[in-house]
Amino acid sequence: MTAPAAKSSPVNLGNLAHEALSDMIRHKRLRGGEAIVEARLAEAIGVSRTPLREALQRLEGEGMVEKVGGRSYVVRRVDLGEYLKSLKVRAVLEPEAAALAVDRIPGAQLAAVRQEALGMLEATAYHTDAHWRSDDNLHGMFIDRSGNEVMARILTQLRATTRLFEIDRLKDRLKPDSREHLAIVDALIAGDAAKAHAAVAIHIRSLIDFALATVR
């Protein structure tokens with residue numbers, strides 16, 4: 001007797017819409033301050049308004065969009081002042097998250113993140129998505145393993161804010177980011193909380209200095 005064919009898992013349309021909208025924001029197809037026209041975007045993505053609204057609610061929680069007038073959404077616009085203030089809060093919390101994560105991260109995950117950062121450092125061509133992914137994997141790794149869910153939630157929101165500002169300026173940060181990421185992951189691999197704390201502090205300071213030097 002022939003076994004019945006396995007059913008494929010249904011596509012989560014809310015997740016699909018969330019990924020599509022996130023991609024549009026990252027690649028500036030939706031710009032800071034731009035109103036979200038739900039009907040047009042739902043048609044473009046190929047979903048109904050319900051999963052689109054679910055995605056927008058998630059993005060609002062992540063700090064990527066905000067409601068205006070209680071009804072329509074716009075992409076959040078982050079200026080230099082908000083960016084620097086957010087980085088200064090990250091400079092207080094994120095080194096602590098890295099120190100707390102020491103000895104909490106599986107060795108295989110550390111090795112994979114290190115290899116990815118090394119690949120970014122040695123890359124001869126620039127790919128925005130690869131840079132985003134490497135950045136997310138490194139920071140998300142120690143933030144999620146800090147053991148402090150309140151700190152993790154705050155840092156995730158702050159990283160969403162700083163990302164909105166960094167979109168146009170990401171390419172010039174590839175090599176410095178990769179070197180600084182390697183220093184962080186090497187300290188985590190060594191199990192050295194003090195070095196991990198210092199490496200993250202240096203990284204955030206580098207981001208602040210870069211913005212002050214390049215943004216007018």
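Rules used throughout
- Residues numbered from 1 in each chain as written.
- Predicted model: local features only at pLDDT ≥ 70, side-chain atom pairs only at ≥ 80, totals over all residues.
- Heavy atoms only, no water.
- Helix = DSSP H or I, 4+ residues; strand = E, 2+ residues; numbered from the N terminus.
- Buried < 20%, exposed > 50% of the residue type's maximum accessible area, 1.4 Å probe, protein only.
- Contact = heavy atoms within 4.5 Å.
- Areas by Shrake-Rupley, 256 points an atom, 1.4 Å probe, with all protein chains shown as cover.
- Lys, Arg positive; Asp, Glu negative; His and termini not counted.
- Charge placed at Lys NZ, Arg CZ, Asp CG, Glu CD.
- Polar contact = N/O pair within 3.5 Å; in protein donor to acceptor, adjacent residues only side chain to side chain.
- Expected span 1.5 Å × (residues − 1).
- pLDDT = per-residue confidence, 0-100.
- Pairing = 2+ DSSP bridges.
- Arc of directions from axis to C-beta.
- Axes fitted to C-alpha atoms, helices over the stretch in contact; angles between N-to-C directions.
- Parallel < 35°, antiparallel > 145°, perpendicular 65-115°, else oblique.
- Left-handed = near helix turned anticlockwise from the far one by under 90°.
- Nonpolar A, V, L, I, M, F, W, Y, C, P; charged D, E, K, R; others polar.
- Phe/Tyr/Trp six-rings, centres within 6.5 Å; stacked < 30°, edge-to-face > 60°.
- Lys NZ or Arg CZ within 6 Å of the ring centre and 35° of its normal.

**Here we look at the overall build of the chain**
Scanning the chain for helices and strands turns up nine helices and two strands. Along the chain, helices (α) and strands (β) appear in the sequence α-α-α-β-β-α-α-α-α-α-α when read from the amino end. Reported as C-alpha extents along the three principal axes, the dimensions of the chain are approximately 65 × 50 × 40 Å. Every one of the 216 residues in the chain was classed for burial, and the buried ones make up 43%. Counting only contacts in the chain whose residues sit at least 6 apart along the sequence, the fraction spanning at least 24 positions is 77%. Accessible surface for the chain amounts to roughly 11700 Å². Of this, 53% is attributable to carbon and sulfur atoms. Across the chain, the 31 positively charged side chains and the 29 negatively charged ones have centroids separated by 3 Å.

**Digging into the side chain of glutamate 38**
Assignment of secondary structure puts glutamate 38 in helix 2 (residues 38-45). Only 3.3 Å separates the side chain of glutamate 38 from the side chain of arginine 49, close enough to count as a polar contact.

**As for helix 9 (residues 193-214)**
With 22 residues, helix 9 extends 32 Å between its outermost C-alpha atoms, agreeing within 8% with the 32 Å of an ideal straight helix rising 1.5 Å per residue. When helix 9 is considered as a whole, its buried residues turn out to be Ala196, Ala199, Val200, His203, Ile204, Ser206, Leu207, Ile208 and Ala211. For helix 9, the N-terminal capping position is held by aspartate 192, with its side-chain oxygen 3.2 Å away from the main-chain nitrogen of alanine 194.

**Some words on the confidence of the model for the chain**
Mean pLDDT over the chain stands at 90; residues scoring 70 or higher make up 93%. Predicted confidence is poor over residues 5-10, with pLDDT under 50, and the contacts of this stretch with residues over four places away or in other chains come to zero contacts.

**Re the pairing of strand 1 (residues 65-68)**
Relative to strand 2 (residues 72-75), strand 1 is paired through four bridges, and the arrangement is antiparallel. Counted as the bridge partner of valine 65 is valine 75 from strand 2. Here strand 1 folds back onto strand 2 in antiparallel fashion, the turn holding three residues, of which glycine 69 has a positive phi close to 70 degrees.

**Remarks on helix 5 (residues 107-122)**
Taking 1.5 Å of rise per residue, the 16 residues of helix 5 would be expected to cover 22 Å, and the 23 Å separating its terminal C-alpha atoms lies within 8% of that figure. Looking at helix 5, one finds that the buried residues are Leu110, Val113, Ala117 and Met120. Summarising the axial view, the buried residues of helix 5 lie within an arc of 85 degrees, below the 170-degree limit, and thus occupy one face. Exposed and oriented more than 90 degrees from the buried face of helix 5 are Ala108, Gln115 and Glu122. Looking at the buried positions of helix 5, the neighbouring elements they touch are helix 6 (128-144) and helix 8 (174-190).

**A closer look at the environment of leucine 87**
As for its placement among the helices and strands, leucine 87 is situated in helix 4 (residues 80-101). Not counting residues up to four positions away in its chain, the partners in contact with leucine 87 are Thr162, Ile204, Leu207 and Ile208.

**Structural notes on the packing of helix 5 against helix 8**
Contact pair helix 5 / helix 8: the axes reach a minimum separation of 8 Å and the direction vectors enclose 155 degrees. Looking at the two axes, helix 5 sits roughly antiparallel to helix 8. Pair helix 5 / helix 8 crosses with left-handed handedness. Of the residues in helix 8, those in contact with Leu110, Val113, Arg114, Ala117, Leu118, Met120, Leu121 and Glu122 of helix 5 are Leu174, Lys175, Ser178, Arg179, His181, Leu182, Val185, Asp186, Leu188 and Ile189. A per-class count over the contact of helix 5 with helix 8 returns 11 nonpolar, two polar and five charged.

**As for unusual backbone geometry**
Despite not being glycine, aspartate 103 has its phi angle at roughly 70 degrees, a positive value. If you trace the backbone, aspartate 103 turns up in the loop between helix 4 and helix 5. By relative accessible area, which is 70% here, aspartate 103 ends up exposed.

**Thoughts on the packing of aromatic side chains**
Taken as a whole, this structure holds one aromatic pair when the rule is applied. The ring of phenylalanine 210 carries the charged tip of arginine 173 above its face, separated from the ring centre by 5.4 Å.

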